[in-house]
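# Coordinate inspection notes
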Amino acid sequence: MLSYQIPLVPGPVSVPEAVRAVYQVDYASADLEEEFFALYAACESKLQRVLGASAAVTIQTGEGMLALWGALKSVIRPGDRVLAVGTGLFGYGIGDMARQVGAEVETVGFPFDAIVDPDAVRAAALRFRPKLITAVHCETPSGTLNPLDELGRISREVDALFYVDFVASGGGAPVDVDRCAIDLGLLGSQKVLSLPPDLSMVSVSERAWRAVADVGYAGYDALAPWKDGPARRYLPYTHNWSAVAALDVALDLLLDEGLEQAYARHASVAERCRRRLEGMGIRLYPAQEAYNSPTVTAAYVPDGWTWPTLDGALRAHGMAVGGNYGELAGKVFRIGHMGSQADLALIERGLDVLAQVLAAGAPA
Ligand SMILES: *Cc1c(COP(=O)(O)O)cnc(C)c1O
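Note that this is a predicted model, so its numbers are computed, not measured. (Residues numbered from 1 in each chain as written. Predicted model: local features only at pLDDT ≥ 70, side-chain atom pairs only at ≥ 80, totals over all residues. Heavy atoms only, no water.)

## Points about helix 10 (residues 307–316)
- Within helix 10 the residues assigned to the buried category are Trp307, Leu310, Asp311, Ala313 and Leu314. The buried residues of helix 10 occupy an angular sector of 165° when the element is viewed end-on, so they sit on one face. In this structure, helix 10 carries Pro308 and Ala316 as exposed residues pointing more than 90 degrees from its buried face.
- Contact partners of the buried residues in helix 10: strand 13 (319–321), strand 14 (332–336) and helix 11 (344–360).
- Count one or two residues on from helix 10 and you reach Gly318, which has phi positive near 80°. (Buried < 20%, exposed > 50% of the residue type's maximum accessible area, 1.4 Å probe, protein only. Helix = DSSP H or I, 4+ residues; strand = E, 2+ residues; numbered from the N terminus. Arc of directions from axis to C-beta. Contact = heavy atoms within 4.5 Å.)

## Section: the nonpolar core
- Core analysis: the biggest nonpolar cluster contains 60 residues, and Phe36, Leu51, Ile59, Val121, Ile133, Met201 and Leu247 have the highest contact counts within it.
- Counting residues per element, this core draws most heavily on helix 8 (residues 241–257), which supplies 10 residues.
- Not counting the four nearest positions on each side in its chain, Phe36 is found in contact with Ala30, Leu235, His239, Trp241 and Val244. (Core = buried A, V, L, I, M, F, W, Y, C linked by side-chain atoms within 4.5 Å.)

## Details of the domain arrangement of the protein
- Entries for the protein in the domain assignment read domain 1 (6–13 + 259–360) and domain 2 (17–256).
- Spacing between the C-alpha centres of domain 1 and domain 2 amounts to 26 Å.
- Buried surface at the junction of domain 1 and domain 2, both sides included, amounts to about 2100 Å², of which 67% is carbon and sulfur.
- By the criterion of area lost to domain 2, the three top residues of domain 1 are Leu259, Tyr263 and Tyr291, representing 28% of everything that side buries.
- Across the contact surface, domain 1 and domain 2 share 0 salt bridges.
- The tally of links between domain 1 and domain 2 comes to 8 residue pairs in polar contact (both at pLDDT 80 or more).
- The element that contributes the greatest number of residues to the side of domain 1 that touches domain 2 is helix 9 (residues 259–279), accounting for 4 residues.
- In the side of domain 1 that touches domain 2, the residues fall into 15 nonpolar, 9 polar and 2 charged. (Domains from an automatic or database assignment. Buried area = accessible area lost by both parts, 1.4 Å probe. Salt bridge = Lys/Arg side-chain N within 4 Å of Asp/Glu carboxyl O. Polar contact = N/O pair within 3.5 Å; in protein donor to acceptor, adjacent residues only side chain to side chain. Nonpolar A, V, L, I, M, F, W, Y, C, P; charged D, E, K, R; others polar.)

## What to know about the packing of helix 8 against helix 9
- Following both chains from N to C, one finds helix 8 and helix 9 inclined at 90°, their axes separated by 5 Å at the closest point. Taken together, the axis directions place helix 8 and helix 9 in an arrangement best described as roughly perpendicular. Facing Leu254, Leu255 and Glu257 of helix 8, the residues of helix 9 in contact are Leu259, Gln261, Ala262 and Arg265.
- Residues that form the contact of helix 8 with helix 9 fall into these classes: 4 nonpolar, 1 polar and 2 charged. (Axes fitted to C-alpha atoms, helices over the stretch in contact; angles between N-to-C directions. Parallel < 35°, antiparallel > 145°, perpendicular 65-115°, else oblique.)

## Some points on the packing of aromatic side chains
- With the rule as written, the count across this model stands at 9 aromatic pairs.
- Aromatic side chains Phe36 and Trp241 sit 5.5 Å apart centroid to centroid with 70° between the ring planes, which places their arrangement in the edge-to-face category. Placement of the pair is Phe36 in helix 2 (residues 34–51) and Trp241 in helix 8, with a sequence separation of 205 residues. A single burial state applies to Phe36 and to Trp241, both of which are buried.
- Ring geometry for Tyr220 and Tyr237: centres 4.5 Å apart, planes at 20°, overall stacked. Of this pair, Tyr220 sits in the loop between helix 7 (206–215) and helix 8 while Tyr237 is found in the loop between helix 7 and helix 8, placing the two residues 17 residues apart along the sequence.
- For the cation-ring pair, Arg283 lies above Tyr300, with the distance from its terminal atom to the ring centre recorded as 4.0 Å. (Phe/Tyr/Trp six-rings, centres within 6.5 Å; stacked < 30°, edge-to-face > 60°. Lys NZ or Arg CZ within 6 Å of the ring centre and 35° of its normal.)

Encoded structure:
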């Protein structure tokens, strides 16, 4: 189906009408027009506000994974040490990606239903002395949110760069790039910002720019051309003007609402979602609510149901939620309430449908 009446997948999320309208405009060539560069600069400064970053924020073509790969390849040479903090699929996966880039990787791993224990990371960092420490803020498949402050301090203590995937949280929960000493902060357009999967954004600290210059990686996803390319009016490729224009609208929507208000909206929708799931006798994943992300709620597939039967029954009612991957596949499903979907009325409607489907019972 092209779209659902009750879209509750944890990304890509439903694109609001005001943002979709921007894509109707017939834009000229981004690399030739002064107007595009002004738009790019405006978006960068709005992103700095959203992310609490005084550092540069690049805006590149390609969705979140481009940021994850490009930032790794731009600061890692074969043989460099990377300490990957894994509390879920993305955290462990970033360790695997660093290995593919040729890094010597050590993973500090935690169960998928846990969040990071900074003491274990500190001990590993002091022993392993990595060049880069990687972590994930919101582990979307597990519905968890990791604290970042202490990991930032550890990175400074061992003089490592701190790489954080906040693709599924940025804009919906405070990420505080400066306060958490994040050197490479990764964002995608298709989550809280509620754009199509068109853009990736990376906050890059001065320390990270030095590593980028030192490594000298060239490629479509490379960070280097974005250091002073926009100021020099020289881009490595024709940018997606429509998407950047839509980003500007999405950032205005967020900043006009107010970041604190947006965070409170996400937190209250998440809270309501958890209460109602519990009310239906559905077990939350993980059980510790302090670990839960305000942008996505994970829960066990209810007794008597398989994931395909539940998914099919919900879809038949016009509702789409997320399944899972790896060790959580078939066991844990997810309700995505980020950005446009962090909407109390939408969540209530979705949970009404879930209650109705459960009351009707699983198909024999
Ligand atoms: C969505 C997401 C990404 C980007 O992944 P896609 O599946 O390509 O959208 C990266 N990291 C996290 C934590 C995400 O939730």
